[in-house]
Amino acid sequence: MLGEPLPACPTKRRRLREESVLTSTEEGLYQPKTKETRATYEAMLSVIQQQLGGQPLNIVSAAADEILAVLKNDVFKNPDKKKEIEKLLNPIPNNVFDQLVAMGKLITDFQDASDAGATTANSDDALDDDMGVAVEFEENEEDDEESDLDMVQEDEEDDDEVAEHHGSGAMQMGGVIDDDDSGDANEGMSLNVQDIDAYWLQRKISQAYDQQIDPQQCQKLAEEVLTILAEGNDREVESKLFVQFDYKQFDLIKFLLRNQLKIVWCTRLQRAQDQEERKKIEDEMKDLGPNLAAILEQLHATRATAKERQKILEKNIREEARRLKDGSVGDGDRDRRGLVDRDADGGWLQSQRQLLDLENIAFEQVGLFMANKKCDLPEGSYRHLSKGYEEVHVPALKPHQLDPKEKLIKISELPDWAHPAFKGMTQLNRVQSEVYETALYSPDNILLCAPTGAGKTNVAVLTILQQLALNRNSDGSFNHSDYKIVYVAPMKALVAEVVGNLSNRLQVYDVKVRELSGDQTLTRQQIEETQIIVTTPEKWDIITRKSGDRTYTQLVKLLIIDEIHLLHDNRGPVLESIVARTVRQIETTKEHIRLVGLSATLPNYEDEALFLRVNLEKKGLFHFDNSYRPVPL
Ligand SMILES: Nc1ncnc2c1ncn2[C@@H]1O[C@H](COP(=O)(O)OP(=O)(O)OP(=O)(O)O)[C@@H](O)[C@H]1O
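Residues numbered from 1 in each chain as written. Predicted model: local features only at pLDDT ≥ 70, side-chain atom pairs only at ≥ 80, totals over all residues. Heavy atoms only, no water.

Draft legend 1. Examining the confidence of the model for the chain more closely. Mean pLDDT over the chain works out to 74, with 70% of the residues at or above the 70 mark. Predicted confidence for residues 1-26 stays below pLDDT 50, and this span has 63 contacts to residues more than four positions away or in other chains. The low-confidence segment residues 328-347, where pLDDT is below 50, has 28 contacts with residues more than four positions distant or belonging to other chains. On the interface metric, ipTM, the complex scores 0.95, and its pTM is 0.45. (pLDDT = per-residue confidence, 0-100. Contact = heavy atoms within 4.5 Å.)

Draft legend 2. Focus on helix H13 (residues 260-271). When the terminal C-alpha atoms of H13 are compared, their 17 Å separation across 12 residues agrees well with the 16 Å that a helix rising 1.5 Å per residue should span. Those residues of H13 not exposed but buried are Gln260, Lys262, Ile263, Val264, Trp265, Cys266, Thr267 and Leu269. (Helix = DSSP H or I, 4+ residues; strand = E, 2+ residues; numbered from the N terminus. Expected span 1.5 Å × (residues − 1). Buried < 20%, exposed > 50% of the residue type's maximum accessible area, 1.4 Å probe, protein only.)

Draft legend 3. Representation of the sheet that holds strand S5 (residues 513-516) within the structure. If you trace the seven strands from one edge of the open sheet to the other, you get S5-S6-S4-S7-S8-S3-S9, paired in parallel fashion. Of all the strands in the sheet, just S5 and strand S9 (621-623) have a single pairing partner and so form its edges. The mean angle between the axes of side-by-side strands here comes to 15 degrees, regardless of whether they run parallel or antiparallel. As judged from the five bridges shared by strand S4 (residues 484-488) and strand S7 (residues 556-561), these two strands associate in the parallel manner. Directly across from Val488, in S7, lies its bridge partner Ile561. Along the sheet, helix H22 (residues 492-506) contacts S4, S5 and strand S6 (532-535); its crossing angle with S5, the most-contacted strand, is approximately 170 degrees. Strands S7 and strand S8 (594-599) of the sheet are contacted by helix H25 (residues 572-589), whose axis makes an angle of about 155 degrees with S7. (Pairing = 2+ DSSP bridges. Axes fitted to C-alpha atoms, helices over the stretch in contact; angles between N-to-C directions.)

Draft legend 4. A look at the nonpolar core. Counting 47 residues, the largest nonpolar core has Leu448, Leu465 and Ile532 as the members making the most contacts within it. For this core, the secondary structure elements donating two or more residues are helix H20 (430-441), strand S3 (446-449), helix H21 (456-470), S4, H22, S6, S7 and S8. What Leu448 contacts, discounting residues up to four positions off in sequence, is Val431, Val435, Lys456, Val459, Gly597, Leu598, Ser599, Phe622 and Phe624. Leu191, Ile213, Cys218 and Ile253 belong to the second-largest nonpolar core, a separate cluster that totals 34 residues. (Core = buried A, V, L, I, M, F, W, Y, C linked by side-chain atoms within 4.5 Å.)

Shown next as structure tokens:
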């Protein structure tokens, strides 16, 4: 039979083949009608999904339909069915095929669905008529045990053929341990529990290293790997294995992870000193859930015949289906309660499903936008529930009371030569007054976080004046050739605005401010004449990265980064490289470059300060919350 050409497929299958699994929709797909068939169908979807490697449900369901059509096609013998199914799922181990066959038998209402599908697919019918293929499905199977067993009897001959392909003949079941040693199954990822002895892992590692590893080192490595595998937490285990194998041996790591439970527990069993210890380990395995119990079952299994395996599988599925049917599960909340029931029973279907451990994959709370579980509103806030929406009233922050020690700096208190930079202003505001000392009289790095409109530009001007003061001659003139100031603004439009603003305010000092951004290029002559270069992060990054003329970049003494909070996400690395290059320049030239960051109020301002090398002890970090807004929101 195996050598003969395969008979034509029935209508439904051909219809789906025409659509292809990728294009099919849920419409016309098999819908289980009873609790039992639904439970079995879900288990089947789970098996198929594992084989297809996490495809979306519509594709898995379409594949399930095709597989059911093959399974229900009594023109096929089992080996042909397996071949047909493998066209959809790639090679599958015999035990997976056995599971599919067993589940196919328990899905007794498939024919109805296919009939419905056939009537909606007229064009396909015509196709089949042309071909003259008789479309026949098995009659609805009786739900009782006897009829199922009859089916097994009929298939016995084929089963025995299948059984010959089995390495150990051990019964295998459960999502985690769904593989055996048969042929090319699972791309060589399968491991037969019977093969694991006390030194299996050591041999496996030695093989992976092509025997090029010292035996003692290999033994040590095997012990360490075994300890890691026994830890159980998948993600940690994986990363520890990567470290252990020096980020090499990926195939081996994959294999070990795939067979983690088998390796850990079978090695333990094999290393047991006596029967008593072995018994203890076995008891522990039985208590620890269905996957380990199934491993034990495999270990204890002798070379079961295909028929026996089939029977055991069917019995397990039937029992599970019966449990679901026995009223413990209501219709509406089947999924919810079903899971609990299955957990309690450690049932077969539960072991088939790979449950997603959401807790385990949850992101850490930090670093996630809106990750706060609780959001406290300011005092005085209240909510008003209306139909279809909710109003949240948040009172405006009250302006921060002036501290008795706090004093606003009058422009007249500034050095005389600095007054023209603040033309039209009488005093510094609260934010500026607070930063004033550090900004104008010290070379320390600064991070100023303040609300919009708080007057950060004035702080930038104060730091520029500090640089001018360093280059101020005794006669009041300035030496503009020994320094350069770089002002980084996040957008070209802002660059132009800053150039206009600073040019205006610093004209009196004969300070030349020029734009260097995008298509704006400056000649050597222009650069020499310029004291303040206003640029974008990207442009400054390119300039400082170039190994060419460094004469003017070496002269930079002050780097102001404005609106630093806007430079996140994909612009973050550019900002980082600018700052890192500046820090390297300081280290190599031993000449100080002052870093000044201007930012909106951010929750992680301390990180930002550290990034800008702000000395927190020397008070270079200034943080003002929204109560410092000149105009409350
Ligand atoms: N001490 C002051 N006296 C009078 N006006 C001032 C003073 N400081 C700033 N201003 C004015 O307040 C306005 C806002 O200032 P500025 O643009 O520097 O704020 P900012 O903090 O940089 O705001 P943004 O975050 O929007 O850039 C400007 O029009 C500026 O002239």
